[in-house]
Amino acid sequence: MEENSLINKRSYKEIRRYKWYKLFIIGLITYILGLIVLIWTGNPILFPSIVMLGNFLIPVTYVAFFYEKRRLSNINMTDTVAAFFYGGFLGTFAAAILEPIFIHGLNFKDAIIVGVIEEFTKALGVLFIYKRKRHKLEIDGIILGAAAGMGFAALESIGYAFTFFLNSKGSLSLTVYITMLRGILAPLGHGTWTAILAGIFVRENRIGHFTINKKVIRAYIVVVLLHGLWDGIPSIMQIIMPTAVAVFIGQFIVGFTGIFILIRLWLQAKRQAIEDIKQ
């Protein structure tokens, strides 16, 4: 007990040095300065850097927010960065291979299939870290899942930004708009969904045996439905009320439903971690 208390006090002092909002403010200022320099100089070499910074800013800040609150977790920076990397690259590569095979349109059924594929491929990033069996707390899974999901979100957003840039024949304003829009919406999507699934997966596997039980399957179905509804709302709203406002309202309802589930899961994970320390 005494040893755990000392470890937690040391960890808390170390964590206090991290401030996620400072990272966001500095990153935002850097992004704005970069845009000014790009417009002023017209130097195309700066463009990829500005796009990457804009699309990584909020995903990285989101992960930093959870990482800063890891007082009861044994997650380290290496595992967090690895989850971000694996979730991003393994997830986008696997999704790029699987989605063309199963998806041939933009209707609601295809949106659900996208959810099935992407929620599975993002989880690969967490499984890559979890196979070492060092993380047994639900809170560990939430942090790893947030990192993996946001790695995927950042790379996907970069892809969208470049696609819109090319299709618009070099419109910087449209690229900035897409970057800002996807950045604002990012916390409501990929990072939250993968955090929910990974948190429950680690909780159900804490005894050390790899298992996919009913609770894990239920969590997977929930995040797939949230993902599918998020992507499928435009096709649904076209039938009821085909306006951009209606689409945004629908997506925010879906997004905040995920946030609500994650908050409840986080509070539960904190209680579990405290009970483990007391034991």
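See the structure shown above.
All of these numbers come straight from a predicted model, not from anything done at the bench.

Looking now at the overall build of the protein chain. Within the protein chain, the secondary structure is distributed over 10 helices and zero strands. For the protein chain, the proportion of its 279 residues judged to be buried stands at 45%. Looking at the protein chain as shown, the accessible area adds up to about 15100 Å², and 70% of this sits on carbon and sulfur atoms.

The final tally for this structure, using the stated rule, is 14 aromatic pairs. When the centroid spacing of 5.9 Å and the interplanar angle of 40° are considered together, the rings of Phe 56 and Phe 84 count as tilted. Linking Phe 56 in helix α3 (residues 46-68) with Phe 84 in helix α4 (residues 77-102), this pair joins segments that are 28 residues apart in sequence. On the accessibility criterion, Phe 84 (16% relative accessible area) is buried. Centre to centre, the rings of Phe 65 and Phe 66 are 5.4 Å apart; their planes meet at 85°, and the pair counts as edge-to-face. On the accessibility criterion, Phe 66 (7% relative accessible area) is buried. Among the aromatic residues, ring-to-ring pairing joins Trp 20, Tyr 21, Tyr 62, Phe 65, Phe 66 and Trp 266 into one connected group. If you follow Arg 70 out to its NZ or CZ, it ends over the ring of Tyr 67, 4.0 Å from the centre.

In this structure, Phe 66, Ile 142, Met 150 and Leu 262 are the most contacted members of the largest nonpolar core, which totals 45 residues. Mapped by element, the contributors of at least two residues to this core are α3, α4, α5 (108-130), α6 (138-167), α8 (190-204), α9 (214-240) and α10 (244-278). With 10 residues, α6 is the largest single contributor of residues to this core. Discounting chain neighbours no more than four positions away, the residues touching Phe 66 are Ile 142, Ile 143, Ala 146, Leu 262 and Trp 266. Among the nonpolar cores identified, the runner-up in size contains nine residues, and Leu 35, Leu 38, Ile 50 and Ile 158 belong to it.

All right, on to the packing of α5 against α6 then. Contact geometry for α5 and α6: axes closest at 9 Å, N-to-C directions at 130°. With respect to α6, the element α5 is oriented oblique. For the pair α5 and α6, the sense of crossing is right-handed. Contact residues: Glu 118, Thr 121, Lys 122, Val 126 and Ile 129 in α5; Leu 144, Gly 145, Ala 148, Gly 149, Phe 152 and Glu 156 in α6.

For the coordinates displayed, the defined rule picks out one cavity of 30 Å³ or more. Approximately 40 Å³ is the volume found for the largest cavity. In terms of lining residues, the largest cavity is bounded by Tyr 31, Leu 35, Leu 38, Phe 47, Ile 50, Val 51, Leu 172, Thr 175, Val 176 and Thr 179. Going through the elements one at a time, α2 (20-41), α3 and α7 (172-185) are the ones with two or more residues in the lining of the largest cavity. At four residues, the largest contribution of residues to the lining of the largest cavity is made by α7. Its residues assigned to classes, the lining of the largest cavity shows eight nonpolar, two polar and no charged.

Rules of the game
Residues numbered from 1 in each chain as written. Predicted model: local features only at pLDDT ≥ 70, side-chain atom pairs only at ≥ 80, totals over all residues. Heavy atoms only, no water. Helix = DSSP H or I, 4+ residues; strand = E, 2+ residues; numbered from the N terminus. Buried < 20%, exposed > 50% of the residue type's maximum accessible area, 1.4 Å probe, protein only. Areas by Shrake-Rupley, 256 points an atom, 1.4 Å probe, with all protein chains shown as cover. Phe/Tyr/Trp six-rings, centres within 6.5 Å; stacked < 30°, edge-to-face > 60°. Lys NZ or Arg CZ within 6 Å of the ring centre and 35° of its normal. Core = buried A, V, L, I, M, F, W, Y, C linked by side-chain atoms within 4.5 Å. Contact = heavy atoms within 4.5 Å. Axes fitted to C-alpha atoms, helices over the stretch in contact; angles between N-to-C directions. Parallel < 35°, antiparallel > 145°, perpendicular 65-115°, else oblique. Left-handed = near helix turned anticlockwise from the far one by under 90°. 1 Å grid on protein atoms, 1.4 Å probe; cavity = no way out; pocket = protein on both sides within 12 Å on 5 of 7 lines; lining within 4 Å. Points joined across faces, edges and corners; volume = space filled by probe spheres on them. Nonpolar A, V, L, I, M, F, W, Y, C, P; charged D, E, K, R; others polar.

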